[in-house]
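Listed below are the residues making up each chain.
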Amino acid sequence: MAKLKVAVLISGRGSNMGSLARATMDPDFPAEIVLVLSNRPHSPGLELAQEHGIDIRVIDHKEFADREAHEAAMTQALEEAGTELVCLAGYMRILEEGFVNEWRGRLINIHPSLLPSFRGVDTHERALERGVRVHGCSVHFVTAELDAGPIIAQAAVPVAPDDTPETLSERVLEAEHNLYPHALALIASGKIRWSGDSAVADSDVTEHDVAVFPNPL
Ligand code: GAR
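Here is what the cut-offs are and how they apply
Residues numbered from 1 in each chain as written. Predicted model: local features only at pLDDT ≥ 70, side-chain atom pairs only at ≥ 80, totals over all residues. Heavy atoms only, no water. Near = heavy atom within 4 Å. Polar contact = N/O pair within 3.5 Å; in protein donor to acceptor, adjacent residues only side chain to side chain. Areas by Shrake-Rupley, 256 points an atom, 1.4 Å probe, with all protein chains shown as cover. 1 Å grid on protein atoms, 1.4 Å probe; cavity = no way out; pocket = protein on both sides within 12 Å on 5 of 7 lines; lining within 4 Å. Sits in = over half its atoms within 2 Å of the grid points. Helix = DSSP H or I, 4+ residues; strand = E, 2+ residues; numbered from the N terminus. Buried < 20%, exposed > 50% of the residue type's maximum accessible area, 1.4 Å probe, protein only. Contact = heavy atoms within 4.5 Å. Axes fitted to C-alpha atoms, helices over the stretch in contact; angles between N-to-C directions. Parallel < 35°, antiparallel > 145°, perpendicular 65-115°, else oblique. Left-handed = near helix turned anticlockwise from the far one by under 90°. Patch = residues over 30% accessible without salt bridge, like charges linked within 9 Å, V, L, I, M, F, W, Y side chains within 5 Å. Salt bridge = Lys/Arg side-chain N within 4 Å of Asp/Glu carboxyl O. Lys, Arg positive; Asp, Glu negative; His and termini not counted. Charge placed at Lys NZ, Arg CZ, Asp CG, Glu CD.

Things to note about the site of the ligand
Part 1 of the reasoning: Taken together, Arg13, Gly14, Ser15, Asn16, Gly90, Met92, Ile110, His111, Pro112, Leu173 and Glu176 are the residues near the ligand.
Part 2 of the reasoning: The separation between an oxygen atom of the ligand and a polar side-chain atom of Arg13 is 2.5 Å.
Part 3 of the reasoning: The separation between an oxygen atom of the ligand and a polar main-chain atom of Gly14 is 2.8 Å.
Part 4 of the reasoning: Coverage of the ligand by the protein amounts to 87% of the 450 Å² it exposes when considered alone.
Part 5 of the reasoning: For the ligand, the cavity whose grid points lie within 2 Å of the majority of its atoms is the largest pocket.
Part 6 of the reasoning: Looking at the shell around the ligand, the elements with two or more residues in it are α1 (15-24), β5 (107-111) and α6 (165-188).

Structure (structure tokens):
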């Protein structure tokens with residue numbers, strides 16, 4: 001079966017993109033990465049993508065008059081690469097409604113919290129401030145409302161009493177690297193899809209496919 005053509009949007013380190021790239025090296029993985037696109041010229045993730053032999057593009061937001069123009073240029077690059085699904089992986093700019101609507105149902109994101117808790121930035125700091133015992137990460141379809149689109153899969157991560165934002169973020173990042181390829185495989189194999197305004201799963205998708213529970217600390 002033809003593999004789903006995926007583009008990954010990054011702004012920085014690109015470790016989630018790296019985990020997707022590693023997963024796609026498996027010949028049986030149902031998706032391939034056709035492009036890694038960064039809005040920042042010096043994202044370390046660009047080098048990582050090249051090491052994997054993946055085409056890269058930089059579309060620097062600073063070179064555009066406004067967000068709409070920047071995002072129209074991104075859509076053009078994505079279309080030129082034959083993109084069927086866009087994965088946001090540490091893409092740290094809020095996307096305009098036009099772009100989100102253009103890629104509606106074909107745009108997913110990984111977010112470092114158990115949504116709908118802790119939308120936005122500084123999720124690990126806020127989770128510790130609130131004293132949560134379980135934190136985690138979510139892969140979701142992107143809608144115009146920030147970090148509020150239908151949830152595809154989540155991984156829970158325990159919070160240790162002596163955690164700092166750094167130690168907690170490391171533990172969550174490990175879970176992200178496991179969850180994102182797993183969620184992408186579910187989408188690429190058609191087992192979970194966008195329908196109406198929801199993420200709809202096939203009847204053979206179990207809770208183990210979409211909910212990852214923590215290893216003990
Ligand atoms: C990841 O933790 C990702 O979940 C988060 O940024 C980090 C990027 O790391 N994304 C967001 O906060 C988006 N709202 P990476 O560049 O190493 O993948």
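What to know about unusual backbone geometry
Part 1 of the reasoning: In the segment running from Leu115 into Pro116, the intervening peptide bond is cis, with an omega of 10 degrees.
Part 2 of the reasoning: Structurally, Pro116 is set in the loop between β5 and α5 (123-130).
Part 3 of the reasoning: With a phi close to 55 degrees, Asp122 is a non-glycine residue in the positive phi region.
Part 4 of the reasoning: Its place among the elements puts Asp122 in the loop between β5 and α5.
Part 5 of the reasoning: Here the phi dihedral of Asp147 falls at roughly 55 degrees; this positive angle occurs in a residue that is not glycine.
Part 6 of the reasoning: As for its placement among the helices and strands, Asp147 is situated in the loop between β6 (134-141) and β7 (151-158).

Things to note about the side chain of Asn39
Part 1 of the reasoning: On the secondary structure map, Asn39 appears in the loop between β2 (31-38) and α2 (44-51).
Part 2 of the reasoning: What makes Asn39 buried here is its relative accessible area of 1%.
Part 3 of the reasoning: Among the polar contacts made by the side chain of Asn39, one reaches the side chain of His61 at a distance of 3.0 Å.
Part 4 of the reasoning: The residues touching Asn39, leaving out its near neighbours within four places in the chain, are Ile10, Ser11, Ile59, Asp60, His61, His70, Tyr91 and Arg93.

Some words on the packing of α1 against α6
Part 1 of the reasoning: For the pair α1 and α6, interaxial distance at closest approach is 9 Å and the crossing angle is 45 degrees. Taken together, α1 and α6 sit at an angle that is classed as oblique. The way α1 lies across α6 gives a crossing that is right-handed. Only Leu173, Glu176, His177, Tyr180, Pro181 and Leu184 of α6 make contact with α1, whose side of the interface consists of Ser15, Asn16, Ser19, Leu20 and Ala23.

Regarding a negative patch on the surface
Part 1 of the reasoning: On the surface, Asp122, Glu125, Glu129, Glu166, Glu170 and Glu174 cluster together into a negatively charged patch.
Part 2 of the reasoning: The biggest single contributor to the negative patch is α6, with 3 residues.
Part 3 of the reasoning: Mapped onto the elements, Glu125 comes out in helix α5.
Part 4 of the reasoning: Under the relative-accessibility criterion, Glu125 is labelled partly exposed at 33%.

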